Amino acid sequence: MIKFLDLQKVTQLYATEISEAVQRVVNSGWYLQGAEVKRFEEDYARYIGAPHCVGVANGLDALIWIYRAYIELGVMQPGDEVIVPANTYIASILALTENGLVPVLVEPRLDTFELDDCLIESRITSRTRSILLVHLYGRCAYTDEIGRLCKKYNLKLVEDNAQAHGCCFADGRRTGSLGDAAGHSFYPGKNLGALGDGGAVTCHDKVVADTIRALANYGSQRKYVFKYTGRNSRLDEIQAAVLDVKLKYLDEDNEHRKTIAKIYNEGITNPRIILPTQMADNQNVYHVYPVLCEQRDGLQTYLERHGVQTIIHYPIPPHKQACYKQWNLLSLPITEQIHQQELSLPMSPVLTHEEAQEVVRIINAY
Ligand SMILES: *Cc1c(COP(=O)(O)O)cnc(C)c1O
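The notes below deal with the structure included here. (Residues numbered from 1 in each chain as written. Predicted model: local features only at pLDDT ≥ 70, side-chain atom pairs only at ≥ 80, totals over all residues. Heavy atoms only, no water.)

Taken across its five residues, strand E3 (residues 102–106) has four buried, putting it largely inside the fold. Across five bridges, the pairing between strand E2 (residues 81–85) and E3 is parallel. Within E3, the position partnered with Pro85 by the bridge is Val106. You can see the chain leave E2, run along helix H5 (residues 90–97) and come back into E3, and the turn it takes is right-handed. (Buried < 20%, exposed > 50% of the residue type's maximum accessible area, 1.4 Å probe, protein only. Helix = DSSP H or I, 4+ residues; strand = E, 2+ residues; numbered from the N terminus. Pairing = 2+ DSSP bridges. Right-handed = clockwise from strand over helix to strand, strands pointing away.)

Examined against the element boundaries, Leu94 turns out to sit in helix H5. Assessed through its relative accessible area of 31%, Leu94 is described here as partly exposed. Taking the C-alpha atoms as reference, Leu94 lies 17 Å from Gly198; in sequence the two are 104 residues apart. Sequence-distant contacts of Leu94, that is, excluding residues within four places in its chain, are made with Leu60 and Tyr324. (Contact = heavy atoms within 4.5 Å.)

Reading across the sheet, the seven strands line up as E1-E7-E6-E5-E4-E2-E3 and stay open at both edges, with mixed pairing between neighbours. Each edge of the open sheet carries a strand with a single partner, namely strand E1 (52–56) and E3. Going from strand to strand, the sheet's axes swing by 20° on average, the running direction of each strand aside. Of the pairings in the sheet, the one linking E2 to strand E4 (residues 128–134) comprises three bridges and is parallel in character. By the bridge assignment for E4, Glu81 is matched with Thr128. (Axes fitted to C-alpha atoms, helices over the stretch in contact; angles between N-to-C directions.)

Rendered as structure tokens:
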């Protein structure tokens, strides 16, 4: 059985160092708001290339806190509109509706899966305050046109970097540093994954960072003094210590993903399968390897029967979900096509080249 992602093996890669880090925290007697989180925040900020980093409980909260901070600071108000790709994981959309902001769902390009920058300007109104740019599947979604629109209309550019740790834009800057603020998830299956939930915000503005740190700590900047109605949404010391170990190997892990992608790119020749368009080497960290196939469900069953595990990212788009009934009748054909045809092949830092070649052989025989 070739697993989509063998997390046990991923953790085993760095087991000794991870165990040492966990043991250090266990022995320290200090489990929250301590030196481990502080060190990871500094290391991660430096890695991403942003001046500030705040560890939080998970990736969804990271995005929620960014917009909540903008509302607390008077930059946005509930009812304001945010441009967001229609084909994203539900968390991007939840972060907006949780804050009373109005998601404006914009179609992606079929060849990149990323937000189509030609469709943005016609959707901007006097209520638009931000673009929430999702680097879906590990691909850099930023374009110069998106930067130009943000400047022209004074929009906050917020990045959802949950799937793209280590990815770069063409000019070498890392995703997560390209806009005003970025939300990062350290869910175990992400390119940089913790041993449980974790997340972070990186941003360029110290006031935004301080506001988010307070919001994620009951709304408090000073003990027993509460400026905002916040929540408890902190990254803990054990997860931070684990993440700091894994951060050192992130580039190496991403390089391995690229060698797997190369085997798929060069090996898969089955005309019924559409491969993802290739990007420059540093602009795709292959969080997943998405292919399109008209007979997607049949392909998935066939692969399962031949011992290859795959996952669909994602089977139902946000606008077709029961929680967003008001959008169920919207027509977003590109988004719907991706959700009907997408299949993610096995991809991870521990997938062997032999396994990838086996996947290629089985797919070409379909
Ligand atoms: C995983 C993910 C999130 C949410 O992160 P959690 O840590 O699971 O809350 C947000 N956006 C995208 C695009 C994701 O893939």
